[in-house]
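Residues per chain, in single letters:
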Amino acid sequence: CLGLVKAHEKGLVHRDIKPGNLFLARKDDEIIVKVLDFGIAKLAQGAGDSGEPTLTGTGAMFGSPYYMSPEHIRSTKDVDHRTDIWSIGVVLYEALAGRRPYVGQASINESPVKSLSDRELEVFQMIGNWKKTSDIAKELNLSIKTIEYYREQIKHKLNLGNGAELTQYATSWVQRETAA
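Each chain has its residues counted from 1, following the order in which its sequence is written. Predicted model: local features are reported for residues with pLDDT of at least 70 only, side-chain atom pairs are reported and counted for 80 or more only, and whole-chain, interface and lining totals are derived from all residues. Hydrogen atoms and water are omitted, and side-chain values are computed over all heavy atoms in the structure.

### A closer look at unusual backbone geometry
No. 1: For Trp130, which is not glycine, the phi torsion reads 60° and is therefore positive.
No. 2: By relative accessible area, which is 62% here, Trp130 ends up exposed.
No. 3: Phi is positive for Asn141, which is not a glycine, with a value near 60°.
No. 4: Labels follow the DSSP assignment, with helices taken as runs of H or I lasting at least four residues and strands as runs of E lasting at least two, numbered in each case from the N terminus. For Asn141, the position within the fold is in the loop between helix H5 (133–140) and helix H6 (144–157). Whether a residue is buried, partly exposed or exposed follows from its accessible area with a 1.4 Å probe, protein chains only, as a fraction of its type maximum: under 20%, in between, or over 50%, in that order.

### Observations concerning the confidence of the model for the protein chain
No. 1: On average, the protein chain scores 75 in pLDDT, and the residues at 70 or more come to 74%.
No. 2: The low-confidence segment residues 51–61 (pLDDT under 50) makes 21 contacts with residues lying over four places distant or belonging to another chain.
No. 3: The quantity called pLDDT is the predictor's confidence in a given residue, expressed from 0 to 100. Should any heavy atoms of two residues lie within 4.5 Å, those residues are considered in contact. Scored below 50 in pLDDT, residues 104–110 makes 14 contacts in the model with residues more than four places away or belonging to other chains.

### Some words on the packing of helix H4 (residues 118–128) against H5
No. 1: Axis lines are fitted through C-alpha atoms, for helices just across the contact stretch, and the angle between N-to-C directions can take any value from 0 to 180 degrees. The contact between H4 and H5 brings their axes to 10 Å, and the two run at 135°. Looking at the two axes, H4 sits oblique to H5. Along this stretch, H4 crosses H5, giving a crossing that reads as right-handed. Counted together, Arg119, Glu122, Val123, Met126 and Ile127 of H4 and Ile136, Glu139 and Leu140 of H5 form the full contact between these two elements.
No. 2: Any residue outside Ala, Val, Leu, Ile, Met, Phe, Trp, Tyr, Cys, Pro, Asp, Glu, Lys and Arg is labelled polar, Gly included; the first ten of those are nonpolar and the last four are charged. Broken down by class, the residue content of the contact of H4 with H5 amounts to five nonpolar, no polar and three charged. Small angles under 35 degrees read as roughly parallel and large ones over 145 as roughly antiparallel, with 65 to 115 read as roughly perpendicular and the rest as oblique. We call a crossing left-handed when the near helix sits turned anticlockwise from the far one by less than a right angle, and right-handed when that turn is clockwise.

Okay, structure coming up:
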């Protein structure tokens, strides 16, 4: 992924490398991998000396948990280019083996949350970070109706009664996962 190498050389960490953010393209007679969606990327510590505050606060969880390095799961704020390398390794493993490594071993699989699909887990995580349904739909490029469907599926799978219970459960889960 030459694009990722170039981003890392500039001190940029993608933080959400997953199959959906990688695109195969043809350049001349060669197939290349393009890296998409730098929406939650950040400058690595020391890469910029602007003194500007960072957008990622402590305790906020960004990324796709199944592709996140252990360091990234513990703290999205303090990761560097190595978290992207970990994620590329998970994607490569999945491409070759047909499944993700460590299925059933990550901390996200030690709770009822393990029953959620990848997309449901993304929505659940965003709910836990206090994102509105319309913002989630926009960020995932899905309709509001689809996000509402995912919310209902998540509530059913986690045996939660209403939206307030879902938000409270998701928020406490995100806080536990980022504190671990």
